[in-house]
Amino acid sequence: MAGIVGYGAYVPCYRIKAETIARQWGGDPAAVKRGLLLEEKTVPGQDEDTITISVQAARYALQRADISPADIGAVYIGSESHPYAVKPSGTVLIDALGIGPKVHVADYEFACKAGTEAMFVAWSHVQAGHMKYAIGIGADTSQGAPGDALEYTASAGGAAFIMGTENVAAEVLHTYSFTSDTPDFWRKEYEYYPQHSGRFTGEPAYFKHILGAGRGMLEESDYKPEDFAFAVFHMPNGKFPLRAGKMLGFKKEQIEEGWLVNIMGNTYSGSSPTGLAAILDVAKPGDLIFMVSFGSGAGSDGFIFQATERLPDIQGKAPKIRAILDQNKRYLDYGLYAKYRRKIIFNSPV
Amino acid sequence: MRDVYVIGIGMTHFGELWDTSFRDLFVEAALEAFGDANMDRLDSMYIGCMSGGLFVGQEHVGALLADYLGRVPIPTTRVETACASGGAAVRQAYLEVASGMSEVVLAGGVEKMTDSADVTAALATAADQEYEVYQGVTFPGLYALMARAHMHTYHTTREQLALVAVKNHHHGAMNSKTQFPFEITVEQVLASSMVADPLRLLDCSPVSDGAAAVILASEEVAKQAKGHPLVRVVASTQATGAMALHTRTDLTRLDTVEHSAQVAYQQAGITPDQVDVTEVHDCFTIAEICVMEALGYAEPGRAAALVEAGETRLGGSMPINTSGGLKSKGHPVGASGVAQVVELTIQLRREGGTRQVEGARIGLAQNMGGTGASSTVHILEGQA
Amino acid sequence: MKSPQYTREIPQRYRLEAEKCRQCGKVHFPPRLICDACQSQEFEQVILSRAGRILTWTVIHVPPTNFDLEAPYIIAIVELEEGVRLTCQVVDCDPEELAVDAPVEMVFRRIQEDSQADIIQYGYKAVLSRP
């Protein structure tokens, strides 16, 4: 059965605390942290972008998969912060990792679910027997306008999953997608920052689609929430995934392992994929994992994974995401953060 | 090969010369050299210029300068070996006279660096563009990498580096053509702004405009040019080495300088201790230390102690950079190698005034490009 | 740097592609057409390991224009396991954490852009190996 043969996740070492941002805009730090259930978020280094984050995550995935990069037949990067408006991200990645040139490459965008979209298509290829391996990546250096609620959460990171049919570490048992046209959050060409429709992003968008996909997948698969060792949902803030999980019948203990948002923020396309990587870092053979992403606009992709005997063998072959999140944290003040995120107008070079 | 003499020298003031153009800088220096030589004959010219293209958008420099010097149709060629362009121009002129092909050849050097070009980026083209500069390294940065390696290997101190600049400013204060004709202190060097750790602003030679010219001639012509004691070029050498600093086995050593010096000592039939006055390429303070070791003036790791002991100061046993060096005099890159020969000629003619090295008879000029991938050495001999 | 010049060096900048002299075994990065040690012109391709150590370093405070926003930044000479040396930035650390012989790993990062509108130029940088 097809599934994940290698996975890797990466976040930059820079951080900004929610209270630093709150103070900048005259907010109440305690109220912000309580409201979002979030302490801090990752910030990309000045030399990092969706491509470099994808390369690092995919390098870890290759280390775990222990396969020849040349055997990878497709590379898909899902992101809403591809560095170029026109020019693929994936081409840089294949040349950095020695994949191809016989390879199918595409960049995906579907707000925060572009990563699971990439995973879904990669998995579909190997499931159908089109190719030996395919890699799906979700990564972002998320944008949030200065002073906007999103600024507290929009962070940087990503995860990569190599799908295959041999030496599988986590089989894909079921998938389910739930999609409708719901403009809750968007960014038009030439706009720096996304717009969102406030509370409309909650019930009619996030919850409708997460619950739609989650319930549909449970029904089709005949599993019950208590069958799962772990569950991970898209994490726009700390509260939403806990609430969605509860509404689906999951307990906090099942969600906690993949719930990185309190120390990482919302890595958009990389959010639930990075949470999945955190789960794979600790899951045991036989464990069932429930995953539902969410992308504004809007849609959710659901996966049910089951860890195999091989998973423990590969967990230690690359850094684990919670260890990456823990080490070498470098805190920025708001001024440096604004510079790193290019939120300041600079002179063009003379 | 026949003997070659320096019969005329000229140089502009070095500094920020807002009112003088690239071409006029050169013409001014060349005219001074003709006046000094007291003769008008000229068969050919070589011009050292590192980057007319990047600094003032001007290539085809030879033709332009011959034209504005009013010397068409003599053959004029621009020579480029980065900051050693001046030294290389002197060497080409030397070879043309020594070979017997010409009787009188001018070696010039000129650079106009203050016309608002991106000087850091322009100078960086002297390093490996694809594998050093691409990563964001600068020239002060490359020499800083050498400085830290030297400090790590030999325990060379920050203060010892500063003393090189202090000494060169002391000399430069006695030279009317220097960009910075004033004394500085170790404290001032150590308090100056950081450029590339551990090198600070006052460890670095400045951005300068300027030109220098020397006229070389055969013995026959030199003896007709009356007015100055004869100064003979007794060695003219050049060596090349690995372009990228990181490919060198020992990051503290300048192998090309060592090579060009050893061949020069052989040509001149002298040993380093016979040199009375030396001009070296002190683009950064650490460079002077490394060059001293490469010239054989000190064992590896021992040059800094000699600087500290005052041996390289005027009055010491081996005065170095009596002109003020690149640090105080200024460093219009293409001109520097020629200006070194100008200073040696002044010293060997005993026309140095307050900065005259007493009894100077043998002088050595060392000029290098990049992080030392090109090095030229000239040894000049005055009269006993 | 414009696209054609940048693109030519992608194998080196992106994945540290080097070559080993078949005659004397010297590893060259970047590849050369002739071995500077033995003059041989026969080579085999090798991919360099991404582990090395710092030989010397500096902190650039006065950068070229393309690096204006990054200064101050660290530049080091790094020796990789194969003995190959290269010049690169060391990122995600403070200069106080550096030492001669400190172990590093090579990572893939953005290096520079000529302007906001021009291509993004990627390549290798080093990060300190952390336990």
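None of the values given here were measured: they were computed from a predicted structure.

A. Summary view of the overall build of chain C. Scanning chain C from N- to C-terminus turns up two helices and eight strands. Counted from the first residue to the last, chain C has its helices and strands arranged as α-α-β-β-β-β-β-β-β-β. When the backbone C-alpha atoms are referred to their principal axes, chain C occupies close to 45 × 35 × 25 Å. In chain C, which comprises 131 residues, the share counted as buried stands at 57%. Restricting to contacts in chain C with at least 6 residues of sequence separation, those with at least 24 account for 47%. For chain C, the accessible surface area stands at approximately 5,600 Å², while carbon and sulfur atoms represent 48% of it.

B. Examining the pairing of strand 5 (residues 73-80) of chain C more closely. Residues and elements named next belong to chain C. Strand 5 sits mainly inside the fold: eight of its eight residues count as buried. Of the two faces of strand 5, the one holding Y73, I75, I77 and E79 and the one holding I74, A76, V78 and L80 are both buried throughout. Where strand 4 (residues 51-60) lies against strand 5, eight bridges are found, and the strand directions are antiparallel. Within strand 5, the residue paired with W57 across the bridge is A76. The pairing of strand 5 with strand 6 (residues 85-91) spans six bridges and is antiparallel. Its bridge partner being in strand 6, I75 is matched across the sheet by Q89. Linking two consecutive strands that pair antiparallel, namely strand 5 and strand 6, is a turn of four residues; a positive phi of about 90° is found at G83 within it.

C. Seen up close, the side chain of D128(B). In this fold, D128(B) is placed in the loop between helix 5 (119-124) and helix 6 (139-154). Although buried, D128(B) forms no salt bridge, and the nearest oppositely charged side chain, R32(C), lies 7.3 Å from it. A polar contact of 3.0 Å, which involves the side chain of D128(B), links it to the backbone nitrogen of E130(B). Setting aside its immediate chain neighbours within four residues, D128(B) contacts V133(B), M243(B) and A244(B).

D. How the structure looks around the interface of chain C and chain A. Facing the 26 residues of chain C at the interface are 25 residues of chain A. Counting the surface lost from both chain C and chain A, the interface buries some 2,200 Å², and carbon and sulfur atoms represent 50% of this. Among the residues chain C hides against chain A, the three largest losses belong to L69(C), D92(C) and F108(C). Together they make up 29% of the total. The partner of R330(A) in a salt bridge is D94(C), and the shortest N-O contact between them spans 2.9 Å. Taken together, chain C and chain A are joined by 16 residue pairs in polar contact (both at pLDDT 80 or more). Contributions of two or more residues to the side of chain C that touches chain A are made by helix 2 (10-15), strand 7 (103-113) and strand 8 (120-128) of chain C. Residue contributions to the side of chain C that touches chain A peak at five residues, all from strand 7 of chain C. Here the side of chain C that touches chain A is built from residues that sort into 12 nonpolar, two polar and 12 charged.

E. Fine view of helix 6 (residues 202-221) of chain A. Residues and elements named next belong to chain A. The end-to-end C-alpha separation of helix 6 is 26 Å, in line with the 28 Å expected for 20 residues at 1.5 Å each. Along helix 6, the sharpest kink reaches roughly 35°, centred on K208. Across the 20 residues of helix 6, 14 count as buried, placing the element largely inside the fold. Phi turns positive, to about 70°, at D222, one or two residues after helix 6.

F. Looking closely at the domain arrangement of chain C. Residues and elements named next belong to chain C. For chain C, the assigned domains are domain 1 (9-48) and domain 2 (49-131). Look at where the C-alpha atoms of domain 1 and domain 2 centre, and you get two points 22 Å apart. In this assembly, nine residues from domain 1 lie in contact with 11 residues from domain 2. Summing both sides of the interface, domain 1 and domain 2 together bury roughly 860 Å²; the carbon and sulfur share of this comes to 70%. When the area that domain 1 buries against domain 2 is broken down by residue, the three leading residues are Y14, L16 and L48, summing to 60%. The interface formed by domain 1 and domain 2 holds zero salt bridges in total. Here domain 1 is connected to domain 2 by one residue pair in polar contact (both at pLDDT 80 or more). If you tally residues by element for the side of domain 1 that touches domain 2, the top one is helix 2, at four residues. Classifying every residue of the side of domain 1 that touches domain 2 gives six nonpolar, one polar and two charged.

G. Structural view of the sheet that holds strand 11 (residues 230-233) of chain A. Residues and elements named next belong to chain A. Pairing in this open sheet of nine strands is mixed, and the strands run 5-4-6-7-1-8-13-12-11 from one edge to the other. Two strands lie at the open edges of the sheet, namely strand 5 (104-108) and strand 11, each paired on one side alone. Sheet twist, expressed as the mean angle between neighbouring strand axes with direction ignored, is 20°. Sheet analysis places strand 8 (residues 170-182) next to strand 13 (residues 297-307), joined by 10 bridges and oriented antiparallel. In the sheet register, T182 faces strand 13, and the bridge partner there is G297. Along the sheet, helix 10 (residues 271-280) makes contact with strand 1 (3-10), strand 7 (156-164), strand 8, strand 11, strand 12 (288-292) and strand 13, crossing strand 7 at roughly 65°.

H. Summary view of the interface of chain C and chain B. With 35 residues of chain C at the interface, the matching set in chain B holds 27 residues. With both chains or domains summed, chain C and chain B bury close to 2,700 Å², and 57% of this area falls on carbon and sulfur atoms. At the surface where chain C touches chain B, the tally comes to one salt bridge. For E130(B), the salt bridge goes to R13(C), with nearest N and O atoms at 2.6 Å. In this assembly, chain C and chain B are joined by 18 residue pairs in polar contact (both at pLDDT 80 or more). Looking at the side of chain C that touches chain B, the elements with two or more residues in it are helix 1 (3-8), helix 2, strand 4, strand 5, strand 6, strand 7 and strand 8 of chain C. Of all the elements, strand 4 of chain C adds the most residues to the side of chain C that touches chain B, at six residues.

I. Expanded view of the packing of helix 3 (residues 50-65) of chain A against helix 4 (residues 90-97) of chain A. All names here are of chain A. Relative orientation of the contacting elements helix 3 and helix 4 amounts to 45°, with a least axis distance of 10 Å. For the element pair helix 3 / helix 4, the angle class is oblique. With respect to the hand of their crossing, helix 3 and helix 4 are arranged in right-handed fashion. Mapping the contact onto sequence places I51, S54, V55, A58, R59 and L62 in helix 3 and V92, L93, A96 and L97 in helix 4. Residue composition of the contact of helix 3 with helix 4, by class: eight nonpolar, one polar and one charged.

J. Quick look at the sheet that holds strand 3 (residues 43-47) of chain C. All names here are of chain C. Within the open sheet, the three strands sit side by side as 2-1-3. Their pairing is antiparallel. The open sheet has two edge strands with one neighbour each: strand 2 (27-28) and strand 3. Sheet analysis places strand 1 (residues 17-21) next to strand 3, joined by five bridges and oriented antiparallel. Paired with E19 across the strands is Q45, a residue of strand 3.

K. Seen up close, the nonpolar core. Residues I162(A), F233(A), L276(A), F290(A), F305(A), Y143(B) and I379(B) are the most contacted members of the largest nonpolar core, which totals 196 residues. Counting residues per element, this core draws most heavily on helix 3 of chain A, at nine residues. For Y143(B), the contacting residues outside a window of four places in its chain are L199(B), C283(B), F284(B), I286(B), A287(B), M368(B), G370(B), T371(B) and G372(B). In terms of nonpolar packing, the next biggest core, distinct from the first, is built from 34 residues, M11(B), A89(B), V105(B) and V214(B) among them.

L. Focus on the environment of A170(A). Residue and element names in this part refer to chain A. On the secondary structure map, A170 appears in strand 8. It is 20 Å that separates the C-alpha atoms of A170 and H234, two residues lying 64 residues apart in sequence. With near-sequence residues (within four places) excluded, A170 lies in contact with G3, I4, L280, F305, Q306, A307 and T308.

M. Here's a closer look at the environment of I47(C). Mapping I47(C) onto the fold places it in strand 3. Separated by 80 residues in sequence, I47(C) and V127(C) have C-alpha atoms that sit 19 Å apart.

Thresholds, definitions, all that
Residues numbered from 1 in each chain as written. Chains lettered and ligands numbered in written order. Predicted model: local features only at pLDDT ≥ 70, side-chain atom pairs only at ≥ 80, totals over all residues. Heavy atoms only, no water. Helix = DSSP H or I, 4+ residues; strand = E, 2+ residues; numbered from the N terminus. Buried < 20%, exposed > 50% of the residue type's maximum accessible area, 1.4 Å probe, protein only. Contact = heavy atoms within 4.5 Å. Areas by Shrake-Rupley, 256 points an atom, 1.4 Å probe, with all protein chains shown as cover. Pairing = 2+ DSSP bridges. Lys, Arg positive; Asp, Glu negative; His and termini not counted. Salt bridge = Lys/Arg side-chain N within 4 Å of Asp/Glu carboxyl O. Polar contact = N/O pair within 3.5 Å; in protein donor to acceptor, adjacent residues only side chain to side chain. Buried area = accessible area lost by both parts, 1.4 Å probe. Nonpolar A, V, L, I, M, F, W, Y, C, P; charged D, E, K, R; others polar. Expected span 1.5 Å × (residues − 1). Bend = angle between axes of the 7 residues up to and from the residue. Domains from an automatic or database assignment. Axes fitted to C-alpha atoms, helices over the stretch in contact; angles between N-to-C directions. Parallel < 35°, antiparallel > 145°, perpendicular 65-115°, else oblique. Left-handed = near helix turned anticlockwise from the far one by under 90°. Core = buried A, V, L, I, M, F, W, Y, C linked by side-chain atoms within 4.5 Å.

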